[in-house]
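Each chain is listed here by its residues.
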Amino acid sequence: MRERTASLKVHAGDRISAEALEVTLARRLAQLADDPHVPLFFGRLDHDEASGGEVFHVGRRHVSDTAGDPLVVDWRAPVSAAFYRATRDDPMGVAVRRRYGFARGALTGFEDEALSGPAATDGERSQILEDEIERPRTGPMRDIVATIQPEQDVIVRSGLDRTVVVQGAPGTGKTAVGLHRAAYLLYAHREQVTRRGMTVVGPNASFLRYIRDVLPALGEVDATQTTIEELVGAHARLRGTEPADVARLKGDARLAQVLRRAVWSHLADPTEALVLPRGSQRWRVPAHEARAAVAHVVGRDLRYDAGREQLRYALAHRILQQIEASGDALDDRAWDVLARTKPVKDYTATLWPVLTPTRLLHRLLADPELLAQASDGVLTDAEQQALTWAQPPRTPGAARWTLADLVLLDELADLLERAPSVAHVVVDEAQDLSPMMLRALGRRARTGSLTVLGDLAQGTTPWAVRSWADALDHLGKPDGHVEQLTAGFRVPGDVIEYAARLLPQIAPELAPPVAVRRARGDLLLTTAPAVDLVRTALARAGSVGLIVPDAGVAAACRTLAAAGLAFAVVGDEDGGTTGDGDATEFDARLDLVPASLAKGLEFDHVVLDDPAGIVAGEADRESGLRRLYVCLTRAVTSLAVRHADDLPVELDGPVRHADA
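I will try to describe carefully the structure that is included in this document. Every value quoted in this text rests on a predicted model; they were computed, and no experiment measured them. (Residues numbered from 1 in each chain as written. Predicted model: local features only at pLDDT ≥ 70, side-chain atom pairs only at ≥ 80, totals over all residues. Heavy atoms only, no water.)

A few words on the packing of helix H12 (residues 254-264) against helix H18 (residues 368-375). It is the contact of H12 with H18, at a shortest axis distance of 8 Å, that shows an interaxial angle of 115°. If you check the angle between H12 and H18, you find them roughly perpendicular. Handedness of the crossing formed by H12 with H18: right-handed. Between H12 and H18, the contacting residues are Val258, Arg261 and Ala262 on the first element and Leu371, Gln373, Ala374 and Ser375 on the second. Classifying every residue of the contact of H12 with H18 by side-chain character gives four nonpolar, two polar and one charged. (Axes fitted to C-alpha atoms, helices over the stretch in contact; angles between N-to-C directions. Helix = DSSP H or I, 4+ residues; strand = E, 2+ residues; numbered from the N terminus. Parallel < 35°, antiparallel > 145°, perpendicular 65-115°, else oblique. Left-handed = near helix turned anticlockwise from the far one by under 90°. Contact = heavy atoms within 4.5 Å. Nonpolar A, V, L, I, M, F, W, Y, C, P; charged D, E, K, R; others polar.)

In structure tokens:
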């Protein structure tokens, strides 16, 4: 298929058509890019005689022969749903389901599962499926098309018109489910989604690098991947930070009402008539008619900038009526010409001044009177004082805008001019977003839908959402559906049960996750040096992550370098390494992970250094325990916790413990 596509020659009637065809062919070649170590098929469905007796191989993408007949059907095709959902009670017309085992592209075996007839058995979990789940994690995140479970497949195949929240405990595959739903929607609604766009929003750049290969491996290259900071950064550059309580206040949904009031407070009441000289005559729009025109436009509930344009034409229309009543004949362009005259534009600007997001927010945060006017009955005096700059920058360009400020600027921009909407937005780690951030995402999917991924127990920001119902309201999708995943396929039982000791404190309303893997994993509590634990982990197969408090990254770098260990630092802006290696983050055997960047990542072996320091590094103890819960649940095979006899009391209880 790649050879056929590469051999096609572009023939078009004009240069523009030729360029469009070349782009289409280039995209098709990108979609057909292949990794020889990843098999194109992983399953087979043998239908029973009543269903036609057809046989279908199921794979990551559709593969056809030279005649165009299918050799492999795409895992997203309707016929492939039975591979994930068929059971003995509901075989969906399938007699036998086959799973293939592969190792680096080489076929290692296959298993048949009879779903109908006298030979049908309930069977235990497939060994091939078990081996795939247990396979060591090395490098960036990979797809899970061969191991999607029935409850995950239901979410993946949700329609484009449906917003879905996936509440998933650590290791339940919520990130993979969200990405595979994105791939499914790009397949099932190709034209609509490609035309209108799809956006995947992650918590940080390191996380995006971690998931970067999933969609391309499934043949999808048309989704934009970004962070919330990049998404709202069109109007100013992130340059500063602020206290957590101020950031929390700026993220409060009440700020939306304050900003709306601030915008519309700039309308002025007409006190003089509009006068338009034209030839020897002077045409007038009295103040009371101008006032009526303003009220009419405001009543249409337009965006601010669109309203100003409407007012220009409303005033021009009144002049046009006077001119036509005088007997003067005008052509079809007269209305537009009158609306563009300097007197009309200047008069409109007086009543409806031009605003920009940065200038308005600068005024609002620097002018206590304007803030008090916009916040009356919404914010308390103390909250207004907390928002007001103690030393206002002289100009918007001199302001050290924070992330919360960028979100407010994005809200203002939408009040001025309607933000465009894409077909679908996938947002991961959504529990860490403020109400105002959720509103920013909701605007991007105003006429589309969302896949919202998160875990309320892993909310670590001061403004973290505490209820998915509230989050859906802020997104503008109150009818969205919440699905809960509790079956853990990644984190081993001993590890997840140990971490779950924190749940009664940080998320008592959530059901604890249940590990379904046969392997219980290795859990070790010790006071031994972290570098010795890292060496032990490196002696085993798979990736290794050393998670430390953010304040301890520099010291950990020095320790690892002195030990002669090659490692990459997650979050390094250059994606480089420290040590003797030349791999980048997620490509190295050993990654040094600041605790604040651990969310969403996974490693075969995790060494967690100084849990007390991780807790102390957050604004309050509950946030610290949530951060610790995240860090404890990054391990796929083994977890070693190095501490100094100062573990949180919530983690008390007997476990396998090794002293220094």
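Let us keep going from here.
Trp75 and Leu632 are the most contacted members of the largest nonpolar core, which has 157 residues in total. Filtering out sequence-adjacent residues up to four positions away, Leu632 remains in contact with Val495, Tyr498, Ala499, Leu502, Leu608, Leu639, Val641 and Leu651. Leu533, Leu565, Phe567 and Val607 belong to the second largest nonpolar core, which has 20 residues in total. (Core = buried A, V, L, I, M, F, W, Y, C linked by side-chain atoms within 4.5 Å. Buried < 20%, exposed > 50% of the residue type's maximum accessible area, 1.4 Å probe, protein only.)

Looking now at the layout of surface pockets. Gaps left between atoms are located by rolling a probe of water-molecule size over the structure's atoms. Of the pockets and cavities examined, the largest pocket occupies roughly 1,500 Å³. Of all the secondary-structure elements, those providing two or more residues to the lining of the largest pocket are strand E8 (198-202), helix H8 (205-211), helix H10 (228-231), helix H11 (244-250), helix H20 (403-416), helix H27 (611-616) and helix H28 (621-632). Two domains each donate at least three residues to the lining of the largest pocket, and these are domain 2 (159-234 + 355-490) and domain 4 (512-651). What the second largest pocket holds in volume is close to 1,100 Å³. Taken together, 40 residues make up the lining of the second largest pocket; nearest its centre are His37, Val38, Pro39, Arg135 and Arg142. At the level of elements, strand E5 (94-103), strand E6 (106-114), helix H4 (127-134) and helix H9 (214-217) are the ones that each hand at least two residues to the lining of the second largest pocket. In terms of residues, the lining of the second largest pocket owes the most to one element, E5, which gives five residues. Looking at the lining of the second largest pocket residue by residue, the classes come out as 19 nonpolar, eight polar and 13 charged. A domain split of the lining of the second largest pocket shows at least three residues from each of domain 1 (34-134) and domain 2 (159-234 + 355-490). (1 Å grid on protein atoms, 1.4 Å probe; cavity = no way out; pocket = protein on both sides within 12 Å on 5 of 7 lines; lining within 4 Å. Points joined across faces, edges and corners; volume = space filled by probe spheres on them. Domains from an automatic or database assignment.)

This part is about empty space enclosed by the protein. The final tally for this structure, using the stated rule, is five cavities of 30 Å³ or more. Estimates place the volume of the largest cavity at around 450 Å³. Along its surface, the largest cavity is lined by 25 residues, and Met141, Gly173, Ala176, Arg490 and Glu602 are the ones closest to its centre. Broken down by secondary-structure element, the contributors of at least two residues to the lining of the largest cavity are H4 and helix H6 (174-188). Residue-level mapping places the lining of the largest cavity at the junction of two domains, with at least three residues from each of domain 2 (159-234 + 355-490) and domain 4 (512-651). There is about 60 Å³ of room inside the second largest cavity. What lines the second largest cavity is Gln167, Ala169, Asp455, Ala457, Gln484, Leu485, Thr486, Leu503, Leu510, Ala511, Pro513 and Tyr629.

A regular strand places its side chains on the two faces of the sheet in alternate fashion. Both faces of strand E12 (residues 424-427) are covered, namely the face carrying His424 and Val426 and the face carrying Val425 and Val427. Summarising the sheet, E8 and E12 pair through four bridges and their orientation is parallel. Looking at the pairing, Met198 lines up with His424 of E12. Relative to strand E13 (residues 449-454), E12 is paired through four bridges, and the arrangement is parallel. Bridging from a neighbouring strand, Val426 pairs with Thr451 of E13. (Pairing = 2+ DSSP bridges.)

Strand pairing in a sheet relies on backbone hydrogen bonds. The paired strands run either parallel or antiparallel. Across the sheet, six strands lie side by side as E3-E4-E2-E1-E5-E6; this open sheet has mixed pairing. This sheet does not close on itself; its edge strands, each paired only once, are strand E3 (63-64) and E6. Here strand E2 (residues 55-59) runs beside strand E4 (residues 70-74); their pairing, made up of two bridges, is parallel. Residue Val58 lies in a different strand from E4, and its bridge partner there is Val73.

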